[in-house]
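Below are the chains, spelled out letter by letter.
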Amino acid sequence: MPTRDRLIAALVAVLWGLNFPAIHLSLEQFPPFFLVALRFALIAIPTVLLVRPPTAPWRWIGLYGLGFGVLQFVFLYLAMSTGMPAGLASLVLQSSAPFTVMLAGVFLRERITARQGAGILLAVAGLAGIAVHRAGLAGGATLMPVLLTLCGGLGWAIGNLGSRRAMQASPGEPFRLLLWMSVVPPLPMLALSLVVEGPAAIAGSFHGLTSTQGLLALGGLLFTVVVATLVGSGLWTALMGRHPSSTVAPFSMLVPVVGIAASWLLLRERTSPTELACGALVLTGVLLGSMGRRREPRTTQRRQPEELATSAVAIAATPSPRPVSPSPSVVVAETLTGAPTASESTASASARR
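Here the structure is a predicted model, which means the values were calculated and not measured.

### Looking at the overall build of the chain
Okay, so step 1: Along the backbone of the chain there are 17 helices and zero strands.
Okay, so step 2: Here the chain holds 353 residues, and the buried ones make up 54% of them.
Okay, so step 3: Residue pairs at least 24 apart in sequence account for 89% of intrachain contacts in the chain once pairs closer than 6 positions are excluded.
Okay, so step 4: Accessible surface for the chain amounts to roughly 15,100 Å². Of this, 68% is attributable to carbon and sulfur atoms.

Here's what the structure looks like:
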């Protein structure tokens, strides 16, 4: 991978790591379930008005949106609103990787290699260590946010299965799939917010938006939608289209490193040495499972689709669904015209098994 692309991959990891403090700031102003609805509505409304739907069956788009958009963020935002530190959340959410491998083995009949199995065991050991450590703090009150974040990782893994099936049915349309996946969460999340959080809490969250807390919350929301989801994911998928997944995916291991560091610097959060040590086990396990089986010779000019196949762990290690183009304006233009680009074709080949 050229130095320029390595720097881009590192930049994306930084953007995604900063996303967790941004979510924390938004949760200071908005109720968690309503914030999920608001986050996806900002993408869904222009999508319905301007973007042609993808050709994938709606059952897979629905599963993609249900897992990634609803289940993941219901549990993640609830966990962070009830005491889960932003930095630790960025680490525990890596549980989506072993969850994806196991679900893919059961439902998609994908073979789990010995390396993936070893990676799962290491990651599970690290996550169990974090849970045990948290169970001993404050009479066990800090354990529940960890368990909720693990449920968020499971939801992300379910979304990965839907994304995989949708990509297989609709090659060349990853950005449209991302946008139309975002249409699924707003209405159910708004309904859940009305029932659980209540209209008074929703209305109250719009008061004081011009205060420092309100402006920071709005800034965090815009960062999550525009910078982390659209720009970051666009750059990441462009890299996945140009290089083998085994080369690109390990850079996602920088996300919790950035998340923990940024939360310490910006939010004054502290992560204990025990949690850092267990986190190292989690990252090692995910990295072990996402490494390619073999290194491709440099003399090879063309790769068959199966050689570009992305492992379940590599897909789960990317902390966002993956649109195609590194330039949002170009991506939107291509989406409206429906004409796939060369990078889209490459990205779709890398998503097929």
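So, next bit.
### A short note on the environment of Val226
Okay, so step 1: Examined against the element boundaries, Val226 turns out to sit in helix α11 (residues 212-242).
Okay, so step 2: Look at Val226 and you get partly exposed, because its relative accessible area is 41%.
Okay, so step 3: With 183 residues separating them in the primary sequence, Val226 and Ile43 have C-alpha atoms 9.1 Å apart.

### What to know about helix α8 (residues 174-181)
Okay, so step 1: Summarising burial for α8: eight of the eight residues are buried, a large majority.
Okay, so step 2: Where α8 is concerned, the buried positions are Pro174, Phe175, Arg176, Leu177, Leu178, Leu179, Trp180 and Met181.

### Notes on the packing of helix α1 (residues 3-27) against helix α2 (residues 32-50)
Okay, so step 1: Running from N to C, α1 and α2 point in directions that differ by 120°, and their axes come no closer than 10 Å. When the axes of α1 and α2 are compared, the pair comes out oblique. Like other packed secondary-structure pairs, α1 and α2 cross with a definite hand, here right-handed. Across the interface between the two elements, Ile23, Ser26 and Leu27 of α1 pack against Pro32, Leu35 and Arg39 of α2.
Okay, so step 2: Looking at the contact of α1 with α2 residue by residue, the class counts come to four nonpolar, one polar and one charged.

### Side note on the confidence of the model for the chain
Okay, so step 1: The pLDDT averaged across the chain works out to 80; a share of 78% of its residues lies at or above 70.
Okay, so step 2: Summarising per-element confidence for the chain, the mean pLDDT is lowest in helix α16 (residues 328-337) (40) and highest in helix α9 (residues 186-196) (96).
Okay, so step 3: Segment residues 294-353: pLDDT under 50, and 132 contacts once partners within four positions in sequence are set aside and those in other chains are kept.

### Some details on the side chain of Ser170
Okay, so step 1: Note on placement: Ser170 falls in the loop between α7 (143-169) and α8.
Okay, so step 2: Here Thr55 takes part through its side chain, which lies 3.2 Å from a polar atom of the side chain of Ser170.
Okay, so step 3: Ser170 has contacts with Pro54, Thr55, Ala56 and Leu177, leaving out every residue within four places of it along the chain.

### Looking at a nonpolar patch on the surface
Okay, so step 1: A cluster of nonpolar side chains, Leu42, Leu222 and Val226, forms an exposed patch at the surface whose accessible area comes to about 250 Å².
Okay, so step 2: Position of Leu42 among the secondary structure elements: in helix α2.
Okay, so step 3: When its relative accessible area of 40% is taken as the criterion, Leu42 is described as partly exposed.

### Some words on the pattern of salt bridges
Okay, so step 1: Inspection of the entire model under this criterion finds three salt bridges.
Okay, so step 2: The salt bridge involving Arg4 is made with Asp5; its shortest N-O contact spans 3.4 Å.
Okay, so step 3: By relative accessible area, which is 4% here, Asp5 ends up buried.
Okay, so step 4: A salt bridge links Glu275 to Arg134; the nearest nitrogen and oxygen atoms lie 2.6 Å apart. Separated by 141 residues along the polypeptide, Glu275 in helix α14 (residues 273-290) and Arg134 in helix α6 (residues 114-135) bring together distant segments of the chain.

### Remarks on the packing of aromatic side chains
Okay, so step 1: Scanning the entire structure with this criterion turns up nine aromatic pairs.
Okay, so step 2: Between Phe34 and Phe206, the aromatic rings sit 5.7 Å apart at their centres with planes inclined by 75°, giving edge-to-face as the arrangement. Residue Phe34 is located in helix α2, and its partner Phe206 is located in the loop between α10 (198-204) and α11; the two are separated by 172 residues in the primary sequence.
Okay, so step 3: With a relative accessible area of 41%, Phe206 lands in the partly exposed category.
Okay, so step 4: A cation sits over an aromatic face here: Arg39 above Phe73, 4.2 Å from the ring centre.

Conventions we followed
Residues numbered from 1 in each chain as written. Predicted model: local features only at pLDDT ≥ 70, side-chain atom pairs only at ≥ 80, totals over all residues. Heavy atoms only, no water. Helix = DSSP H or I, 4+ residues; strand = E, 2+ residues; numbered from the N terminus. Buried < 20%, exposed > 50% of the residue type's maximum accessible area, 1.4 Å probe, protein only. Contact = heavy atoms within 4.5 Å. Areas by Shrake-Rupley, 256 points an atom, 1.4 Å probe, with all protein chains shown as cover. Axes fitted to C-alpha atoms, helices over the stretch in contact; angles between N-to-C directions. Parallel < 35°, antiparallel > 145°, perpendicular 65-115°, else oblique. Left-handed = near helix turned anticlockwise from the far one by under 90°. Nonpolar A, V, L, I, M, F, W, Y, C, P; charged D, E, K, R; others polar. pLDDT = per-residue confidence, 0-100. Polar contact = N/O pair within 3.5 Å; in protein donor to acceptor, adjacent residues only side chain to side chain. Patch = residues over 30% accessible without salt bridge, like charges linked within 9 Å, V, L, I, M, F, W, Y side chains within 5 Å. Salt bridge = Lys/Arg side-chain N within 4 Å of Asp/Glu carboxyl O. Phe/Tyr/Trp six-rings, centres within 6.5 Å; stacked < 30°, edge-to-face > 60°. Lys NZ or Arg CZ within 6 Å of the ring centre and 35° of its normal.

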